[in-house]
Amino acid sequence: MTPRLVTGRAELRPAWGGDIQRLNRAGSRYAIDVTMPVMTYADAQDWSDINDETSTVTMQIVQPGLDPGAPGTTLVKGAAQSGTTLIIDGFTPYYVLRKNQWISVSTGGRLYAYRVKTEVVADAAGEASVVLTTMLRVSPANNDPVEIAVPRIEGFAAVPDDAWATNTAGHVALSFTIEERG
């Protein structure tokens, strides 16, 4: 998996020199390029849902080498949050979220993936104000679930024309991209 930011920011570049200005705004989201291990054509058919033109695909975000431990049952604490800080409760007391760790928030039946900007430690009551690398794209409701141990991304799959190419041994090296809807 190769994650990348699909930015919603605007950059102003003066035609005759001068400072570049960045205007950050809500809308930045993530895409993940996925390259599957070589598999038989028959096994590859288990992944045929990526060809669905109307439904989204949900996939776990792999974080190699990161053991998320036991974060607790985490929920959004308080409705109407916006900006780059998300208040979360339900953590195991003193749980540590690492810099750049993935989390996902389930709001209104959709998943939104985010990355943690700076390390944060939950307090004794299991609450933490988590600074994110991007702005919240929608305001979550109070008690919306926050996935820490197994974060996921949801979006439409973009499948290259040769994704299902089969070699002479009958194997497929399937690849695709999942990009969040917004």
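Here's a quick rundown of the structure. This is a predicted model, so every value here is computed, not measured. (Residues numbered from 1 in each chain as written. Predicted model: local features only at pLDDT ≥ 70, side-chain atom pairs only at ≥ 80, totals over all residues. Heavy atoms only, no water.)

1. A closer look at the overall build of the protein chain
A count of helical and extended segments in the protein chain gives one helix and 17 strands. Within the structure as shown, the protein chain displays about 10,000 Å² of accessible surface, and the carbon and sulfur contribution to it stands at 51%. Charged side chains of the protein chain number 15 positive and 20 negative; the gap between the two group centres comes to 10 Å. (Helix = DSSP H or I, 4+ residues; strand = E, 2+ residues; numbered from the N terminus. Areas by Shrake-Rupley, 256 points an atom, 1.4 Å probe, with all protein chains shown as cover. Lys, Arg positive; Asp, Glu negative; His and termini not counted. Charge placed at Lys NZ, Arg CZ, Asp CG, Glu CD.)

2. Considerations on the nonpolar core
Grouped together as the largest cluster of nonpolar side chains are 19 residues, with contacts concentrated most on Leu86, Phe91, Leu97, Ile103 and Val130. Contributing elements (two or more residues each) for this core: β8 (85-91), β10 (102-107), β11 (110-115) and β13 (128-131). With three residues, β8 is the single largest residue contributor to this core. Setting aside its immediate chain neighbours within four residues, Val130 contacts Thr84, Thr85, Leu86, Ile88, Leu97, Val116 and Val120. Grouped together as the second largest cluster of nonpolar side chains are 18 residues, Met39, Val57, Phe176 and Ile178 included. (Core = buried A, V, L, I, M, F, W, Y, C linked by side-chain atoms within 4.5 Å. Buried < 20%, exposed > 50% of the residue type's maximum accessible area, 1.4 Å probe, protein only. Contact = heavy atoms within 4.5 Å.)

3. Regarding the packing of aromatic side chains
One pass over the structure, following the stated rule, counts three aromatic pairs. Look at Tyr30 and Trp102: their rings are 4.8 Å apart centre to centre, the planes differ by 75 degrees, and that puts the pair in the edge-to-face class. Taken together, the positions of Tyr30 in strand β4 (residues 29-35) and Trp102 in strand β10 put the pair 72 residues apart, joining distant regions of the chain. Like Tyr30, the residue Trp102 is buried in the burial classification. Plain terms: the ring middles of Phe91 and Tyr95 are 5.7 Å apart, the flat faces sit at 15 degrees to each other, and that makes the pair stacked. Across this residue pair, the class does not change: Phe91 and Tyr95 are buried. (Phe/Tyr/Trp six-rings, centres within 6.5 Å; stacked < 30°, edge-to-face > 60°.)

Scope: geometric values only; no functional claims are made or implied.
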